[in-house]
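# Chains, contacts and geometry: an overview
One-letter residues, chain by chain:
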Amino acid sequence: MSYVSVDEAVNLLRSGQVVGVPTETVYGLAGRIDSEQALRAIFSTKQRPFFDPLIVHVFSAQSISELAVEWPLVFQKLANKFWPGPLTMVTRKTEAVSSLITSGLETVALRCPRHPKALEILQKLGVPFAAPSANRFGRTSPTLAEHVETEFSGSVPIVDGGPCEVGLESTVIDAHQERDIWKVRILRPGGVSRQELEHELESQGLNFTIERVESSASPGHLKTHYQPSNPVVILTKDLSDAEILARARKELGRNLVHVDRLDLGDEPALAARFLYQRFRELSQIENGLIVVVKTRTNINWEAIWDRIERASTLTLN
Ligand code: TXA
Ligand code: MG
């Protein structure tokens, strides 16, 4: 089983099966939210632990009232601007959302994806789907249909939607109001940048603060994640290949013989689009080591460095 059309995917989803679907961020492993069989299959296919909740993907903001008991003003404004698109918003769930999706939490993460095939599937299916990234747990997310095929050895039907435009996962936020101030928290930086959020909330005239939190508020955003099969090493200053190999061999206890440098370029949108693809390409090299020099760390690169840091196994100073 491999590639299927949108209509075939809709039929498979209807019958409670999981399907690899393209989104603008990364490929997802989709299952309809009202099928326990499909939800269980997502976790077992990915070998994902049940403590890591799934994002529910909707066709439009109109489905929100069935899924969320609360939809704060700040989310309405952000959905108007960024949906369909790479922004996921966490709010209190209704009974319609299975606790399998939310890992027992009272909240649900919602997003409306922008990829035309994802939207077509959602529209034809008529039910939202839950979808984590279509990779084995802890590994690099797929940005091409071929990645999904390799990841699950062809056992999952896939809709090919070409290369993902954004290349990194969505930004995940939650929000609450204290007095008249909206407190927005970034649980996972991603496809919509902090400046874009700030700019929109300012232009809407809202009183707000935005902070990045690293906490159990996002149970699945673990310290190690997104790891390619070759180790990723971050250099805080450039070192010779010989020195990198010697130190990495000692620290990681592996027979490493090649240093492959990942050049991020100057443009964050392009770096994001190709990061996971480059991780996968460079992992083809036997006994190789993927090296990234820690430059370009300003706020525009926040999501990219978040992923590289979680993907890395060593930092050399
Ligand atoms: O771009 C994306 O978001 C992709 C595509 C397929 O849409 N999906 C994705 O899903 O990245 P996944 O499962 O790999 O990551 C879901 C993230 C995790 O960090 C999880 O902790 C967080 O969303 N999340 C889900 N439900 C949550 C909740 N109720 N509260 C807090 N965080 C939640
Ligand atoms: Mg993931």
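Structure shown above.
As a further point, take the pattern of salt bridges. Scanning all chains against the criterion turns up 25 salt bridges. For the salt bridge of Arg296 with Asp266, the shortest nitrogen-to-oxygen distance reads 2.8 Å. Taken together, the positions of Arg296 in the loop between strand E12 (288–293) and helix H11 (302–311) and Asp266 in the loop between strand E11 (258–261) and helix H10 (268–282) put the pair 30 residues apart, joining distant regions of the chain. The partner of Asp306 in a salt bridge is Arg307, and the shortest N-O contact between them spans 2.8 Å. Of the two residues examined, Asp306 and Arg307, each falls in the buried class. Here the salt bridges do not stand alone but share partners, grouping Glu169, Arg194, Arg212, Glu214, Glu302, Asp306, Arg307 and Arg310 into one network.

Moving on: the sheet that holds strand E2 (residues 28–32). Reading across from one edge, E1-E2-E6-E3-E5-E4-E7-E8-E9 is the order of the 9 strands in this open sheet, with mixed pairing throughout. Edge strands, defined here as strands with exactly one partner in the open sheet, are strand E1 (19–21) and strand E9 (208–212). In the sheet, strand E4 (residues 87–92) pairs with strand E5 (residues 107–111) via 4 bridges, with the strands oriented antiparallel. Across the sheet, the residue bridging to Met89 is Leu110, located in E5. Relative to E2, helix H1 (residues 6–14) is tilted by about 55 degrees, and along the sheet it contacts E1 and E2. Packed on one face of the sheet, helix H8 (residues 194–203) meets E4, strand E7 (171–178), strand E8 (181–188) and E9 and runs near 170 degrees to E9.

Moving on, we come to the sheet that holds strand E13 (residues 312–316). Adjacent strands of a sheet pair through backbone hydrogen bonds, lying either parallel or antiparallel. Sheet architecture is open: 4 strands sit in the order E11-E12-E10-E13, paired in parallel fashion. Each edge of the sheet is formed by a strand with only one pairing partner; in this case those strands are E11 and E13. Strand-to-strand twist across the sheet, computed as the mean angle between neighbouring axes with direction ignored, equals 30 degrees. Sheet analysis places strand E10 (residues 232–235) next to E13, joined by 4 bridges and oriented parallel. From the neighbouring strand, Val233 faces E13, where its bridge partner is Leu314.

Next up on the list: the side chain of His147. Assignment of secondary structure puts His147 in helix H7 (residues 145–151). Polar contacts involving the side chain of His147 include one to the main-chain amide nitrogen of Thr143, which spans 3.0 Å. For His147, the contacting residues outside a window of four places in its chain are Pro142, Gln277 and Arg280.

Another aspect to go through is the layout of surface pockets. Considered as a void within the structure, the largest pocket measures approximately 610 Å³ in volume. Broken down by secondary-structure element, the contributors of at least two residues to the lining of the largest pocket are strand E3 (55–57), E5, E7 and E8. No other element matches E5, which puts 4 residues into the lining of the largest pocket. When grouped by side-chain class, the residues that make up the lining of the largest pocket number 17 nonpolar, 16 polar and 7 charged. Taken as a whole, the second largest pocket holds about 500 Å³ of empty space. Of all elements in the fold, only helix H4 (73–82), H8, H10 and H11 reach the threshold of two or more residues within the lining of the second largest pocket.

Another aspect to go through is the site of ligand 1. For ligand 1, the set of nearby residues contains 27 residues, the closest of which are Thr25, Arg48, His57, Ser170 and Gly220. Ser133 is positioned with one of its side-chain polar atoms (N or O) 3.1 Å from an oxygen atom of ligand 1. Here an oxygen atom of ligand 1 and a side-chain polar atom of Arg188 are 2.9 Å apart. Calculation on ligand 1 without its partners gives an accessible area of 680 Å², and the protein chains cover 98% of this total. With respect to the detected pockets, ligand 1 is housed in the largest pocket. Taken together, the elements giving at least two residues each to the shell around ligand 1 come down to E3, E5 and E8.

For the rest of this paragraph, the subject is the environment of Val292. Looking at the secondary structure, you find Val292 in strand E12. Sequence spacing of Val292 and Ile234 is 58 residues, and the spatial spacing of their C-alpha atoms is 5.0 Å.

Once that is clear, we can look at the state of the cysteines. In the structure shown here, the tally under the stated rule is 0 disulfides. Just so you know, Cys112 is unpaired, no disulfide at all, and the nearest cysteine sulfur is the one on Cys164, 16 Å from it.

What counts, and at which threshold
Residues numbered from 1 in each chain as written. Chains lettered and ligands numbered in written order. Predicted model: local features only at pLDDT ≥ 70, side-chain atom pairs only at ≥ 80, totals over all residues. Heavy atoms only, no water. Salt bridge = Lys/Arg side-chain N within 4 Å of Asp/Glu carboxyl O. Helix = DSSP H or I, 4+ residues; strand = E, 2+ residues; numbered from the N terminus. Buried < 20%, exposed > 50% of the residue type's maximum accessible area, 1.4 Å probe, protein only. Pairing = 2+ DSSP bridges. Contact = heavy atoms within 4.5 Å. Axes fitted to C-alpha atoms, helices over the stretch in contact; angles between N-to-C directions. Polar contact = N/O pair within 3.5 Å; in protein donor to acceptor, adjacent residues only side chain to side chain. 1 Å grid on protein atoms, 1.4 Å probe; cavity = no way out; pocket = protein on both sides within 12 Å on 5 of 7 lines; lining within 4 Å. Points joined across faces, edges and corners; volume = space filled by probe spheres on them. Nonpolar A, V, L, I, M, F, W, Y, C, P; charged D, E, K, R; others polar. Near = heavy atom within 4 Å. Areas by Shrake-Rupley, 256 points an atom, 1.4 Å probe, with all protein chains shown as cover. Sits in = over half its atoms within 2 Å of the grid points. Disulfide = S-S within 2.5 Å.

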